[in-house]
Every structure is written in C-alpha cells, then in structure tokens.
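Here is what each chain is made of, one letter per residue.
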Amino acid sequence: MSYADSNAHHEEGSYFSGPPGMLAKIWQWMTTVDHKKIGVMYLFAIMFMFFIGGVAALAVRYELLDPVRTVQMMDASGEEMTIVTGERLAGLKDIMNARSANEVYNRMFTLHGAVMVFMFIVPSVPASLGNFFLPIMLGAKDVAFPRLNLLSWYIYVTGCLFGVLSILMGGVDTGWTFYTPYSTTTDADHWRVVLMILAAFILGFSSILTGMNFVVSVHKLRAPGMGWFDMPLFLWGVYATSIIQVLATPVIGITLLLLVFERLFHIGIFDPSMGGDPVLYQHFFWFYSHPVVYVMILPAMGIISELIAVHSRKHIFGYRAIAFSSLGIAGVSFLVWGHHIFTAMGELAAILFSGLTFLVAIPTAIKVFNWLATLYKGSIAINTPMLYALAFLFTFSIGGLTGLPLATLATDLHLHDTYYVVAHFHYVMMGGTVVAFMGGIHHWWPKMFGKMYNEKGGMLGCILVFVGFNITFFTQFFLGTQGMPRRYANYVDEFQTLHQISTYGSWIILLGFLVHLGVFIASLISGEKADQNPWGGLTLEWETESPPIEHNFHHEPVVTHGPYDFDKVVPPGWDPKDYPLPANPSSHS
Ligand code: CU1
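What comes next is a walk through the structure. (Residues numbered from 1 in each chain as written. Predicted model: local features only at pLDDT ≥ 70, side-chain atom pairs only at ≥ 80, totals over all residues. Heavy atoms only, no water.)

Overview of the packing of aromatic side chains
Part 1 of the reasoning: Per the stated rule, a full pass over the model turns up 49 aromatic pairs.
Part 2 of the reasoning: Considering the side-chain rings of Phe 270 and Tyr 281, the 5.2 Å spacing of their centres and the 80 degrees angle between planes classify their relative orientation as edge-to-face. Here the residue Phe 270 occupies a position in the loop between helix H10 (233-265) and helix H11 (278-289), and Tyr 281 occupies one in helix H11, the gap between them amounting to 11 residues. Each of the two residues, Phe 270 as well as Tyr 281, counts as buried.
Part 3 of the reasoning: Considering the side-chain rings of Trp 371 and Phe 392, the 5.7 Å spacing of their centres and the 80 degrees angle between planes classify their relative orientation as edge-to-face. Of the two residues, Trp 371 sits in helix H15 (residues 361-375) while Phe 392 sits in helix H16 (residues 384-401), which places them 21 residues apart along the sequence. For the pair shown, Trp 371 and Phe 392 are each scored as buried.
Part 4 of the reasoning: Three or more aromatic residues joined by ring pairs form one cluster here, namely Phe 118, Trp 176, Phe 178, Tyr 179, Phe 270, Tyr 281, Phe 284, Phe 285 and Trp 286.
Part 5 of the reasoning: Its end group placed over the ring of Trp 29, Lys 37 keeps NZ or CZ at 5.6 Å from the ring centre.
Part 6 of the reasoning: Stacked on the ring of Trp 228, the Lys or Arg Arg 222 has its end atom at 4.5 Å from the ring centre. (Phe/Tyr/Trp six-rings, centres within 6.5 Å; stacked < 30°, edge-to-face > 60°. Helix = DSSP H or I, 4+ residues; strand = E, 2+ residues; numbered from the N terminus. Buried < 20%, exposed > 50% of the residue type's maximum accessible area, 1.4 Å probe, protein only. Lys NZ or Arg CZ within 6 Å of the ring centre and 35° of its normal.)

Set out below in structure tokens:
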C-alpha cells in the first residue's frame with residue numbers, strides 16, 4: 001500500500017476516470033491518444049472478433065458430427081432437401097444444410113480462418129496487451145507516436161467492418177488464403193470477395209503502423225537505466241514481432257491489391273487463362289504469411305517468459321538466449337515460406353526450404369528449455385497465469401514437434417492438406433498464442449482494470465480450455481495420418497468416431513471460455529480491489545498503481561535492477577503487498 005502515501009501529493013486519477021456524462025465519456029474514449037485506452041479498446045474489439053470466429057468454428061465442427069449423406073441426396077435431387085440422419089440434425093444443422101450444404105460449409109471455414117487470422121490473432125497480443133504495457137514496461141508516458149496509434153485503431157476497425165460487411169452479404173468460400181485462380185474466378189458475388197480481400201489489405205496498414213510505433217518506442221523511450229538487456233522479455237517478443245510486421249506486411253498489401261485488380265479487371269497476373277501464374281500468388285502470399293506466424297507467436301512467447309519468471313519467482317534462465325532467439329526466429333521466418341508449397345516447386349528449391357525450415361527448431365527449443373530451467377526449483381504459484389504457462393509448454397511443444405514431419409519432404413507428401421496440418425497449426429496458434437494470450441490477460445488483468453478476478457474460476461476455465469483443446473485437436477492428428485483431407489464437409493464413415501470426439505472437445509472449449517467470460521464480468525462488477533503488485537513482479541508496470549494513472553508514473557521511473565532479479569532484490573519471506581522493495585531506491589523517491 002506504500003504507493004498511496006508516496007503519491008499523496010498528486011491528484012491525477014486512474015486512466016479510465018473520464019469526464020462526467022455518458023456522451024462526454026464516449027467522445028473521450030473515441031478521441032483518446034492514451035495507449036492504455038487504445039489497448040483496452042483493441043482488447044474488446046479483438047475479443048468480439050474471437051467470438052465471431054469461434055461461432056464459425058463451432059458451426060464447422062457441428063457439421064462434421066456425421067458424414068452427412070444428406071448432401072449427396074440433395075445434390076442428386078436438386079433443391080429438395082432430405083434429412084436422413086434424424087433428430088440430431090435440427091437447428092443449426094438445418095442452416096448448414098440449406099440449399100448447398102457444401103457451399104455454406106466452405107463459407108464457414110473461410111469465415112473462421114479469415115476472421116481468426118486477420119482480425120483476431122495477428123493483432124491479438126501486440127495491439128491489446130502490447131499497446132497497454134509496452135510504454136509502461138519501458139517506463140514511458142505513451143508510445144512514440146500516440147496519434148498514429150489512434151489512427152491504427154481506426155484502420156483496424158475499418159478493416160473489421162469491411163470483413164463483417166462481406167460476411168453479412170453472405171461471406172466468401174475461397175479459404176482464408178484466397179488462392180488463385182479460384183479467388184479470381186469463383187462466381188460468388190464480386191463484392192463479397194473484394195470486400196473480404198480489402199479487409200485484409202486495410203488491416204495490414206494497422207499492423208504496419210503499430211509495428212513502426214513499437215520499434216521507435218523501444219529504441220527511443222526506455223527509462224533511464226534501462227539498457228537493451230534490462231528490457232522485460234515480453235518487450236523483446238513484441239519488438240521482434242514489430243520488425244516482422246514492418247517488413248513483411250507490405251508484401252501482402254501489394255499481393256492483395258493485385259488480386260483485387262485481377263478479379264475486377266482481368267489483367268493477367270495470377271490467372272493462367274490470361275497468361276498469369278497462380279503459383280506466383282502462392283509465393284507472394286506465403287512470403288508474408290509465414291513470417292506472420294511468428295507475428296502471432298513471438299509476443300505470446302514473450303508473455304510466457306513473464307508468467308514463468310514472475311509466478312515461480314525465479315530469475316529467468318538464459319535471458320540473452322531468449323532475447324536473441326526472438327530475433328533469430330524473426331530472421332529465419334523470412335527464409336522458409338516455401339514449405340507451404342513444396343509440391344509447387346522444383347526439387348532443389350523444396351530441399352532448400354525443407355532444410356531452412358528445420359532451423360526454426362533451434363531458437364524455439366532454446367526458449368522451451370530455458371523456460372523449463374527457470375521453473376526448476378522455483379517457488380511455483382498455482383494460479384491461472386501459471387496454469388496457462390504450463391499448458392502452453394505442453395501444447396506449444398506438441399505444435400512445434402509435429403511441424404517436423406511437415407518440414408520433411410518425404411512425410412509432408414502424405415500429410416499435406418490433411419487434418420494433420422489442421423491439428424498442427426491449431427496446436428501452434430491456439431495451443432500457443434491463444435493459450436499465452438489468456439494467461440497474459442489474467443496476469444495483467446488486475447493492473448489493467450484495478451480488480452482481482454476469481455482465481456478458482458480462472459483455473460477452472462483454463463482446465464476446461466486445455467482439456468477441450470486437446471480432445472478437439474489431438475484426434476485430428478489421427479484423422480490426418482489416416483488420410484482425412486481438410487476442407488471437406490463430407491467424409492467416409494470410418495472417420496466418424498474421431499470427428500465426433502473432436503466436435504465434443506470443441507464444446508468443452510466453449511464451456512471453458514464461457515467460464516472465463518463469467519469470471520471477467522464478475523471481476524469488473526464486484527471484483528476485490530487489486531493491489532499495486534499482486535504477483536510480486538519486478539518490471540515497471542508493477543511500480544505504478546492498479547489501474548495506472550493517466551500518465552503512467554508520477555515521476556519518471558529509474559531502473560535500478562534487472563526485470564527478473566528476484567534472487568538479488570527480493571528479501572526472504574517477502575510479501576508482494578510490501579512493494580516497493582525495501583532495498584529498492586527506485587521510482588518512488
Ligand atoms: Cu510456414
């Protein structure tokens with residue numbers, strides 16, 4: 001509680017205490033250049049897109065509950081729809097089976113992929129937690145370009161609106177990758193396709209500008225005493241991501257623009273019937289979309305470093321190795337795009353891309369081993385952030401290791417375009433990024449909103465998500481190795497049991513997220529007031545109030561110890577409530 005008296009001579013309120021009056025408040029939020037408010041707005045928008053993408057995912061899984069002979073009968077007999085499989089096909093299933101079930105199914109998985117990739121997972125950690133915490137962890141008042149930050153938010157919202165508009169008009173069936181020539185020739189309504197492509201195009205600008213803002217902030221705004229290697233590892237993750245965003249995103253921008261021109265004006269770049277080359281599109285597309293996998297995962301890895309160090313109160317093992325491995329992953333990420341299209345290139349090229357892909361395993365394994373070494377003999381807290389960190393180690397390791405057979409040419413030929421791939425990238429994206437994101441939200445929730453959440457509820461949600469996730473996606477490794485191709489609404493009977501198990505798992509995931517939602521709402525309404533430093537962290541965000549004041553710190557903080565120097569500065573038997581540390585003459589002088 002010591003912060004209260006040290007700040008007593010200041011009147012500044014918390015960042016969300018706005019002017020009186022609802023309209024004035026809304027106006028203040030809409031025009032704010034405060035990185036914290038912008039981070040919170042991103043958080044809610046991103047969660048909303050996660051909800052839309054999640055509903056589509058549940059619909060896809062629901063359709064796959066049975067092999068659906070309904071569709072074949074319907075195709076044969078024209079418009080008449082015959083429901084064969086009985087009562088279980090009521091409700092949502094009817095909608096899925098409307099007119100051409102396969103068509104609706106294709107739109108559903110495209111909606112799921114496009115929303116989750118472009119509108120949820122790419123901006124997820126950097127735009128929400130990154131925006132809120134990067135300046136505070138640097139000891140700065142705001143990001144380097146606060147107005148640009150607000151502009152990035154509005155560009156993000158515009159992109160999402162384009163996407164939602166396309167969905168409301170009926171959606172697209174191209175898959176989230178918009179592969180040509182299908183995406184330039186599909187007879188779906190022009191504007192739906194164009195709107196969805198433009199959505200991704202616009203969202204790219206938001207990504208570039210945010211990345212640029214963060215790179216400059218890290219270079220220019222570190223607090224006095226904070227060298228590069230005194231930065232929290234979350235910031236190293238966000239920094240590495242920002243570099244990729246700035247360098248790779250322009251490529252997808254140009255590519256999508258060319259795609260729109262091709263679709264509208266038939267200029268002959270990607271369409272072979274006009275002398276174009278569809279494989280050229282795939283190279284362009286993955287030149288961005290592989291690095292962007294690391295835009296998704298690097299900030300998540302940064303979160304895991306914070307969670308593991310703080311909640312086991314241990315100095316992180318191999319700080320520099322973790323920091324450099326983030327940059328290493330960012331560098332290698334630009335050299336491996338070809339592994340998505342092994343079958344569309346020459347033998348030598350495929351061998352080179354295969355070899356380069358294996359390089360990613362080195363910095364990734366460095367991180368995983370360092371996290372394990374940090375946990376060793378730590379005083380491990382059993383709480384939601386730590387549970388999510390442990391879940392991450394498990395699921396992300398499976399995600400990483402199952403990538404190796406895909407990088408191997410001989411095995412990739414069999415596994416390509418099967419459910420094995422679906423399982424693999426969900427283990428990385430959901431088992432990695434989403435799991436870390438959830439852990440990070442719980443870790444920083446008390447700081448962002450000034451309220452504690454119910455720990456038992458958080459842990460219950462985490463366990464449900466973890467169990468449901470593994471039931472849903474581990475089965476898909478078996479489906480894939482047995483030959484079930486991805487992107488099909490119908491399948492042969494022998495796959496039914498595994499598909500059903502997978503679908504039941506998706507319901508457990510849903511239950512887990514509903515528990516989380518309930519816990520968050522309960523916290524906002526009636527949560528216990530959070531201390532300044534509920535976990536005993538040593539990074540700068542814990543040196544300001546919960547929630548932070550408008551300009552983050554009363555005085556410019558001075559960094560006097562490393563971000564994880566628990567062994568040096570934390571006295572035995574220390575209670576985080578006694579923050580700041582007795583021996584720490586830092587910011588509150
Ligand atoms: Cu890739």
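Re the coordination of the copper ion
Part 1 of the reasoning: In this structure, His 290 (ND1), His 339 (NE2) and His 340 (NE2) serve as the protein donors to the copper ion, at separations of 1.7 to 2.0 Å.
Part 2 of the reasoning: For the copper ion, the single-chain donor residues occur in sequence as H-x48-H-H. Within this pair, whereas His 290 is found in the loop between H11 and helix H12 (291-311), its partner His 340 is found in the loop between helix H13 (319-332) and helix H14 (347-359), the two being separated by 50 residues in sequence. (Donors = N, O, S within 2.8 Å, 3.2 Å for Na, K, Ca; no water.)

Here we look at the side chain of Thr 539
Part 1 of the reasoning: For Thr 539, the location among the structural elements is in the loop between helix H21 (496-526) and helix H22 (566-569).
Part 2 of the reasoning: The class for Thr 539 is buried, based on a relative accessible area of 4%.
Part 3 of the reasoning: Apart from residues no more than four positions distant in its own chain, Thr 539 is found in contact with Met 137, Pro 232, Glu 306 and Pro 563. (Contact = heavy atoms within 4.5 Å.)

A closer look at the packing of helix H3 (residues 35-63) against H21
Part 1 of the reasoning: Two elements in contact, H3 and H21, have axes separated by 9 Å at closest approach and are oriented at 155 degrees. In this view, H3 runs roughly antiparallel relative to H21, as classed from their interaxial angle. H21 is crossed by H3, and the crossing has left-handed handedness. Where H3 abuts H21, its residues Phe 50, Leu 58, Arg 61 and Tyr 62 lie against His 499, Ser 502, Thr 503, Ser 506, Trp 507, Leu 510 and Phe 513.
Part 2 of the reasoning: Classifying every residue of the contact of H3 with H21 gives six nonpolar, four polar and one charged. (Axes fitted to C-alpha atoms, helices over the stretch in contact; angles between N-to-C directions. Parallel < 35°, antiparallel > 145°, perpendicular 65-115°, else oblique. Left-handed = near helix turned anticlockwise from the far one by under 90°. Nonpolar A, V, L, I, M, F, W, Y, C, P; charged D, E, K, R; others polar.)

Re the packing of helix H9 (residues 190-220) against H10
Part 1 of the reasoning: Between H9 and H10, whose axes approach to 8 Å, the crossing angle comes to 155 degrees. Classified by the angle their axes make, H9 and H10 are roughly antiparallel. Considering only the axes of H9 and H10, their crossing is left-handed.
Part 2 of the reasoning: Its residues assigned to classes, the contact of H9 with H10 shows 22 nonpolar, nine polar and one charged.

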